[in-house]
Amino acid sequence: PYTSGRFDPPARPPPRRMSCTPTLAWAQRDKTIYITFDYVDAKDVRVKIGDKALSISLKQGDKLYAMEDVPLHKAVSPADSKWFANDRCVQVILSKGEPDWWDVLLADKSYKKFVKADWTRWAEEEDDAYTGQFPGSDFTGMQADWDDEPDSDDDDLPLEDLDIGNLPPEES
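Quick look at the structure, then. Since this is a predicted model, take the numbers as computed values, not measurements.

## Some thoughts on the nonpolar core
Of all hydrophobic cores here, the largest spans 27 residues; its most connected members are I35, L54, L72, V92, L94 and L105. Residue assignment for this core shows that the elements contributing at least two residues are β4 (24-28), β5 (32-38), β6 (42-49), β7 (53-60), β8 (63-71) and β10 (89-95). Every residue in contact with V92, bar those within four places of it in the chain, is listed here: I33, Y34, I35, V47, I49, L54, I56, K82 and W83.

In structure tokens form, the structure reads like this:
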């Protein structure tokens, strides 16, 4: 509109606070899904775990990161799942409803570019680590191997030939 011969632009609305989508790293085991979102100095961290949905939101500086009710690939047990946040990341540990292999984390393919594999925790379905069975983790027979000799055999050794040199006086 024109006022007094000048063009006054309309008042601009305040800038809208757009939310950013966090990039998640995930890995899985037989009964567990591990999700990590790395950040620095976030505030107001919120995580909501549903039967087949996950929500994460936090503020980092002037940015708001949010994923609201994103559908998971399969059902999880919210009662057995947990999450925690520290000054470097949010970690979510989901308890799978059924212990089987997930090909993807999220059912919604539009989030594919925001989800990557966490190679530091990854285990293939064929790996022993996937089910928690590590080679050599069965220690049941080791105690028998260690106790093949009595412990008192060292008590009878002669110590007279040892040269202990000049020792400082004992304090009392």
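Okay, back to it.
## Quick word on the side chain of Q91
The residue Q91 is located in strand β10 in this model. You can call Q91 buried: its relative accessible area is 15%. Polar side-chain contacts of Q91 include one of 3.2 Å to the side chain of R121.

## Some thoughts on the pairing of β8
Two strands pair when backbone bridges link them, and β7 and β8 are joined in this way by seven bridges, in the antiparallel orientation. In the strand pairing of β8, A53 is matched with P71. Hairpin connection between β7 and β8: a loop of two residues separates the two successive antiparallel strands, and G61 in this loop has a positive phi of roughly 65°.

## Overview of the sheet that holds β5
Note on sheets: strands pair through backbone hydrogen bonds, and any given pair is parallel or antiparallel. Across the sheet, five strands lie side by side as β9-β10-β5-β4-β11; this open sheet has mixed pairing. Each of the sheet's edge strands pairs with one partner strand only, and the pair in question is β9 (82-85) and β11 (115-117). Within the sheet, the average angular offset between the axes of one strand and its neighbour, ignoring direction, is 20°. Examined bridge by bridge, β4 and β11 share three bridges and lie parallel to one another.

## Side note on the packing of aromatic side chains
In total, this model carries two aromatic pairs according to the counting rule given. Ring geometry for F37 and Y65: centres 5.5 Å apart, planes at 55°, overall tilted. Here Y65 lies in strand β8 and F37 lies in strand β5, a separation of 28 residues in the sequence. Note on accessibility: F37 and Y65 belong to one class, buried. By the ring-pair criterion, three or more aromatic residues cluster together here, those being F37, Y39 and Y65.

## Topic: unusual backbone geometry
Here the phi dihedral of D44 falls at roughly 50°; this positive angle occurs in a residue that is not glycine. Mapping D44 onto the fold places it in strand β6. Although it is not a glycine, D69 adopts a positive phi angle of roughly 45°. One can find D69 in strand β8. Assessed through its relative accessible area of 45%, D69 is described here as partly exposed.

Conventions adopted
- Residues numbered from 1 in each chain as written.
- Predicted model: local features only at pLDDT ≥ 70, side-chain atom pairs only at ≥ 80, totals over all residues.
- Heavy atoms only, no water.
- Core = buried A, V, L, I, M, F, W, Y, C linked by side-chain atoms within 4.5 Å.
- Buried < 20%, exposed > 50% of the residue type's maximum accessible area, 1.4 Å probe, protein only.
- Helix = DSSP H or I, 4+ residues; strand = E, 2+ residues; numbered from the N terminus.
- Contact = heavy atoms within 4.5 Å.
- Polar contact = N/O pair within 3.5 Å; in protein donor to acceptor, adjacent residues only side chain to side chain.
- Pairing = 2+ DSSP bridges.
- Axes fitted to C-alpha atoms, helices over the stretch in contact; angles between N-to-C directions.
- Phe/Tyr/Trp six-rings, centres within 6.5 Å; stacked < 30°, edge-to-face > 60°.

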